[in-house]
Amino acid sequence: MSKNIVITPGDGIGKEVTAQARKVMEYMAKRFKLVLEFTEVPIGGTAYDLTGTPLPDETLQACKAADAILLGAVGGPQWETLDYSVRPERALLGLRGELQLYANLRPAQIYGELVGASTLKPEVVDGADIMVIRELTGGIYFGQPKGVEIRNGERVGFNTLVYSESEIRRIAKVGFETAQKRSGRLTSVDKANVLEATELWRNVVQDVHNDYPDVELNHMYVDNAAMQLIRAPKQFDTIVTTNMFGDILSDAAAMITGSIGMLPSASLGGKVGLYEPVHGSAPDIAGQNLANPLATILSVGMLFRYSLDLREADELIQKAVENTIKIYRTADIMAEGKTSVDCQWMGEEVIKSLEQI
Ligand code: IPM
Ligand code: MG
């Protein structure tokens with residue numbers, strides 16, 4: 001049976017990294033005897049320049065009809081002065097909302113080979129393996145009312161942090177089920193000492209825990225969680241948290257690994273899964289074939305695992321990446337004694353490495 005993969009390269013290095021990831025998908029398709037059909041559609045600033053909107057209807061419809069979506073990155077300085085409603089970032093939020101991708105999985109795993117790349121001490125980070133599960137379609141990102149208006153003669157800006165019990169329950173389930181498949185430990189992060197919405201969060205997570213007695217649950221306030229992530233990251237296994245806290249903590253967790261260019265993500269929950277590297281569009285190096293394609297290639301691994309039910313393909317890709325970085329490095333992870341390669345070369349080395357396992 002053929003599967004329809006939509007690729008939205010987006011802006012900046014998004015085009016370069018998705019091109020390499022596509023080659024890996026084509027190789028894996030042959031290896032696993034799958035028929036993959038690819039459709040490429042514009043998104044973000046590139047789509048705005050072409051059509052006047054960052055998420056054209058044609059792109060949205062293609063995504064809705066896909067079996068899985070691979071996204072590069074969106075954004076760039078030339079679009080930063082646009083109105084909020086047409087900024088490249090809007091396309092991402094629009095896709096998440098429209099496709100009901102409420103569960104964002106962001107693994108932050110340190111590769112033994114890259115321990116020295118972290119700004120933290122090797123003994124603090126060596127072996128760290130954290131899965132951040134971020135609620136992605138609710139909370140302060142989507143809550144109403146929001147805006148900027150004049151009150152008492154001055155401008156007032158406001159957003160609303162709102163969570164319903166059902167929204168918390170479904171993401172909590174993802175948290176417990178993910179923890180079950182990992183080491184069985186779940187940390188729920190909130191600010192229940194100050195914010196009512198997250199007091200409800202804590203109560204509902206506690207309640208869902210009754211269905212997963214084999215998982216060890218603890219609750220942490222977000223400020224403490226930020227501190228603990230830097231102080232002793234290995235105490236964490238799976239973290240489940242709100243949209244905005246997850247945005248912040250997943251960046252912090254990414255830096256523990258020292259190499260944001262290596263981190264993939266999956267956004268799940270609706271009919272179609274969306275996969276993308278955690279890094280951004282890196283306008284400073286765009287178009288120069290310098291970007292690290294590994295985060296996008298690892299996102300393809302997650303795509304095989306979660307959307308095509310091919311866990312083995314994900315494991316192979318992870319292994320191939322691990323083997324490749326023993327020798328070859330893009331600029332962002334370059335180290336003494338390694339061979340410096342560009343984006344395309346790195347993609348080719350991953351495929352060669354796949355051929356050997
Ligand atoms: C992310 C990004 C996005 C977010 C932006 C680009 C809208 O920071 O995916 O983490 O805040 O969710
Ligand atoms: Mg972010």
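Residues numbered from 1 in each chain as written. Chains lettered and ligands numbered in written order. Predicted model: local features only at pLDDT ≥ 70, side-chain atom pairs only at ≥ 80, totals over all residues. Heavy atoms only, no water.

**Student:** Is there a simple way to think about the packing of helix α1 (residues 14-31) against helix α11 (residues 311-324) in this case?
**Tutor:** Two packed helices can be described by the angle between their axes and the distance between those axes. The geometry of α1 relative to α11 is characterised by a closest axis approach of 12 Å and an angle of 130 degrees between their N-to-C directions. Taken together, the axes of α1 and α11 lie oblique to each other. Every pair of crossing elements has a handedness; the one defined by α1 and α11 is right-handed. On α11, the residues that touch V24, M28 and R31 of α1 are A313, L316 and I317. Looking at the contact of α1 with α11, its residues break down into five nonpolar, no polar and one charged. (Axes fitted to C-alpha atoms, helices over the stretch in contact; angles between N-to-C directions. Helix = DSSP H or I, 4+ residues; strand = E, 2+ residues; numbered from the N terminus. Parallel < 35°, antiparallel > 145°, perpendicular 65-115°, else oblique. Left-handed = near helix turned anticlockwise from the far one by under 90°. Contact = heavy atoms within 4.5 Å. Nonpolar A, V, L, I, M, F, W, Y, C, P; charged D, E, K, R; others polar.)

**Student:** In this structure, what is going on with the nonpolar core? I would like to understand it.
**Tutor:** Inside soluble globular proteins, nonpolar side chains tend to come together where they are buried. Counting residues in each nonpolar core, the largest one holds 62 residues, and the members touching the most others are M25, M28, F304 and I317. At seven residues, helix α10 (residues 294-306) tops the list of elements feeding residues into this core. Looking at this core, you find at least three residues from each of domain 1 (1-101 + 261-357) and domain 2 (129-256). When near neighbours in sequence (up to four residues on either side) are disregarded, I317 contacts V24, M28, I297, L298, V300, G301, F304 and L354. Grouped together as the second largest cluster of nonpolar side chains are 19 residues, I110, V115, V125 and I256 included. (Core = buried A, V, L, I, M, F, W, Y, C linked by side-chain atoms within 4.5 Å. Buried < 20%, exposed > 50% of the residue type's maximum accessible area, 1.4 Å probe, protein only. Domains from an automatic or database assignment.)

**Student:** Would you explain the layout of surface pockets in this entry?
**Tutor:** If you roll a probe as big as a water molecule over the atoms, it shows you where there is empty space left. Estimates place the volume of the largest pocket at around 980 Å³. Per element, the largest residue contribution to the lining of the largest pocket is five residues, and it comes from helix α4 (residues 88-98). Of the residues that constitute the lining of the largest pocket, the class distribution is 14 nonpolar, nine polar and 11 charged. When residues of the lining of the largest pocket are sorted by domain, at least three fall in each of domain 1 (1-101 + 261-357) and domain 2 (129-256). Its boundaries defined by the atoms lining it, the second largest pocket holds a volume of some 800 Å³. M131, R182, R305, Y306 and D314 are, among the 27 residues lining the second largest pocket, the residues nearest its centre. Of the residues that constitute the lining of the second largest pocket, the class distribution is 15 nonpolar, four polar and eight charged. Both domains that meet at the lining of the second largest pocket, namely domain 1 (1-101 + 261-357) and domain 2 (129-256), each give it at least three residues. (1 Å grid on protein atoms, 1.4 Å probe; cavity = no way out; pocket = protein on both sides within 12 Å on 5 of 7 lines; lining within 4 Å. Points joined across faces, edges and corners; volume = space filled by probe spheres on them.)

**Student:** In this structure, what is going on with the site of ligand 1? I would like to understand it.
**Tutor:** As a structural note, the neighbourhood of ligand 1 is formed by E89, R96, R106, R134, Y141 and D247. In this structure, an oxygen atom belonging to ligand 1 sits 2.6 Å away from a side-chain N or O atom of Y141. Contact distances for ligand 1 include 2.9 Å between an oxygen atom and a side-chain N or O atom of D247. For ligand 1, whose free accessible area comes to 320 Å², the fraction covered by protein is 73%. More than half of the atoms belonging to ligand 1 lie within 2 Å of the grid points that define the largest pocket. (Near = heavy atom within 4 Å. Polar contact = N/O pair within 3.5 Å; in protein donor to acceptor, adjacent residues only side chain to side chain. Areas by Shrake-Rupley, 256 points an atom, 1.4 Å probe, with all protein chains shown as cover. Sits in = over half its atoms within 2 Å of the grid points.)

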